[in-house]
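Reading the structure
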Amino acid sequence: MPQADSTGFADLDALLPRLGALGALDAAALEEAHVALLGRKAGVLMLAARSVATLPLEQRKAYGAAVNALKRRFEDAFAARRDALDVEHRRRTAAGLDLTMPGRGRWIGAVHPVSRVVDEILGIFRELGFSVALGPEVETEWYNFLALNFPPDHPAMEMHDTLYLDLPPSGEAPGGGELLLRTHTSPVQIRTLLASRPPVRVVMPGMVYRKDPFDASHAPGFAQIEGLAVDQGISFVDLKATLAHFARRFFASTTRVRFRPSFFPFTEPSAEMDVECQLCHGAGCAACKHTGWMEIMGCGMVHPNVLANCDVDPERYTGFAFGMGPHRIAMQRYGLCDIRLLYEGDVRFLRQFGPAAGSAR
Ligand code: PHE
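Rules and cut-offs
Residues numbered from 1 in each chain as written. Predicted model: local features only at pLDDT ≥ 70, side-chain atom pairs only at ≥ 80, totals over all residues. Heavy atoms only, no water. Helix = DSSP H or I, 4+ residues; strand = E, 2+ residues; numbered from the N terminus. Buried < 20%, exposed > 50% of the residue type's maximum accessible area, 1.4 Å probe, protein only. Contact = heavy atoms within 4.5 Å. Lys, Arg positive; Asp, Glu negative; His and termini not counted. Charge placed at Lys NZ, Arg CZ, Asp CG, Glu CD. Axes fitted to C-alpha atoms, helices over the stretch in contact; angles between N-to-C directions. Parallel < 35°, antiparallel > 145°, perpendicular 65-115°, else oblique. Domains from an automatic or database assignment. Near = heavy atom within 4 Å. Polar contact = N/O pair within 3.5 Å; in protein donor to acceptor, adjacent residues only side chain to side chain. Areas by Shrake-Rupley, 256 points an atom, 1.4 Å probe, with all protein chains shown as cover. Nonpolar A, V, L, I, M, F, W, Y, C, P; charged D, E, K, R; others polar. pLDDT = per-residue confidence, 0-100. Pairing = 2+ DSSP bridges.

Let's talk about the overall build of the chain
A count of helical and extended segments in the chain gives eleven helices and nine strands. Based on the C-alpha atoms only, the size of the chain along its principal axes is roughly 115 × 55 × 35 Å. In the chain, buried positions account for 43% of the 361 residues. Restricting the contact set of the chain to residue pairs at least 6 apart, pairs at least 24 apart contribute 65%. Here the chain contributes 38 positively and 41 negatively charged side chains, and the mean placements of these two sets differ by 10 Å.

Structure below.
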C-alpha cells in the first residue's frame, strides 16, 4: 500500500492499481482496504485531500482536482464491490436453503375461554329473544344493594365484603350513597327497569368485585351474567323452562338440571340451579365433591319490592331473574381445578383453546 508521506502528499498514480484489485477482495479485505484508503482519520486519500491546502496556490488546483477525482473513483469502486458481494452472498444462502428444516411456529390468537363462555351464553339467550344490556362497574350503594331490597344492615354491605371507593358519595341515585365496585351484576336489573318499561327480557354481562382472597377457587374480580324477564303473567314455570333449556343448549341435550331452594334479598322464592357434573355425569368425582351435581347459578322470582323500587307495579307485573359466573362455568366445562389459570394469561394454557391450537402457520 503506497503510504502518504508525513506531509500527507501521496503519489496518486501509485494508487491506481489498487482500483482494479478491489474487484477480487472478499468482504473483510474490502473493509480493510476502505479504511486504508478512505478511512476518515488516516486513509491515504483523506490525508492527501487535507494536504491540498498547504500547497502553493499554483499547484493546489491541479493536485486538489486529481485527489478528488481519484477519491470519487475509489468510492464508486468500493460501492460496486460491496453490491457484488451482497448479491453473491444472497445467491449462495438461497441456494443453501435447507427445505427440511421445521417451519417456525407462528402464534395465532385465541378467544379466551371465559370470553368464549360469555359469547355462547349470550348467544343462547339472544335466540330466546333477550337483548344485551351493560351497566357501570362503579356503582352506588343504592343500585348495588338498597334498590335490590337488601336491608340497610345486611352483612354483604360490610367493608370486609365490599370494595368501597374513597370518593365523595354520588348524587346520582335516590339517597345518594357511597360509591363502590359492584359486587354483582344485579344493579343492572334496576338500571334496565328504570330505563325501559316491561315487557323486558335482558341479559347483562360484566365484571364484579369482592373482597375475596385470590386462591384456587376465588378471585377478587370475576365475570357474571345477569338475566331478567319481566312481563304480565310470568311464573316460576317460565323460569324453570328457560333455564333448563339454557343448560341443555349450553352443556348437552341430555344434561339433567335441578333447582334447590335458596335465598337472595331481591328474589322470592329463590333457588340455585345445579347441572349434572360435566366430568363424571352424575357418578360423583372430586370436581363435584362426589355429589354428581354442580351449582351454576342463583335465580328466583323478582321480589315485589324490587319492582316497586323501579316504579313497576308488582300487582300487574311479575318476573324472574338469574345470575351466573362465567369463570366458574368455564372451569366446569373445561375441567379446570384452579381459577387462577383464567387470569394469568399463560400462553401454554391459552393456546389449548385456539382454533388451530399451537400449530405452525
Ligand atoms: N346476584 C346474585 C349473586 O351474585 C345472583 C342472582 C342474580 C341470584 C339474580 C338471583 C337472581 O350471587
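What about the packing of helix α1 (residues 12-21) against helix α4 (residues 57-95)?
One way to put it is that α1 packs onto α4 with a least axis distance of 11 Å and a crossing angle of 10 degrees. If you check the angle between α1 and α4, you find them roughly parallel. Two secondary-structure elements touch here, α1 through L12, L15, L16, R18 and L19 and α4 through Y63, A66, V67, L70, R73, F74 and A77.

Considering the domain arrangement of the chain
Here the chain is described as being made up of domain 1 (12-94) and domain 2 (113-357). Here domain 1 and domain 2 have C-alpha centroids that lie 78 Å from each other.

Quick word on helix α3 (residues 44-51)
Among the residues making up α3, those that are buried are V44, L45, M46, A48 and S51. Buried residues belonging to α3 abut α1, α2 (27-38) and α4.

Some remarks on the site of the ligand
By nearness alone, 14 residues border the ligand, and H184, S186, R210, Q224 and E226 come closest of all. Contact between the ligand and H184: a nitrogen atom at 3.0 Å from a side-chain N or O atom of the residue. Contact between the ligand and R210: an oxygen atom at 3.0 Å from a side-chain N or O atom of the residue. Burial of the ligand by the surrounding chains reaches 89%, relative to a free accessible area of 330 Å². When residues of the shell around the ligand are traced back to their parent elements, those giving at least two are β5 (221-231), β8 (293-302) and β9 (318-324). Here the shell around the ligand gets three residues from one element, more than from any other, and that element is β9. Tallied by class, residues from the shell around the ligand come to five nonpolar, seven polar and two charged.

Digging into the confidence of the model for the chain
Looking at the chain as a whole, the pLDDT averages 90, with 94% of positions reaching at least 70. A low-confidence stretch, residues 356-361 (pLDDT under 50), is modelled with 13 contacts involving residues beyond four sequence positions or located in other chains.

Topic: the pairing of strand β6 (residues 257-264)
In this structure, β6 lies alongside strand β7 (residues 267-276), joined through seven bridges in antiparallel fashion. Note on β7: the bridge partner recorded for F259 is M273. Here β6 folds back onto β7, and the loop between the two strands holds two residues.

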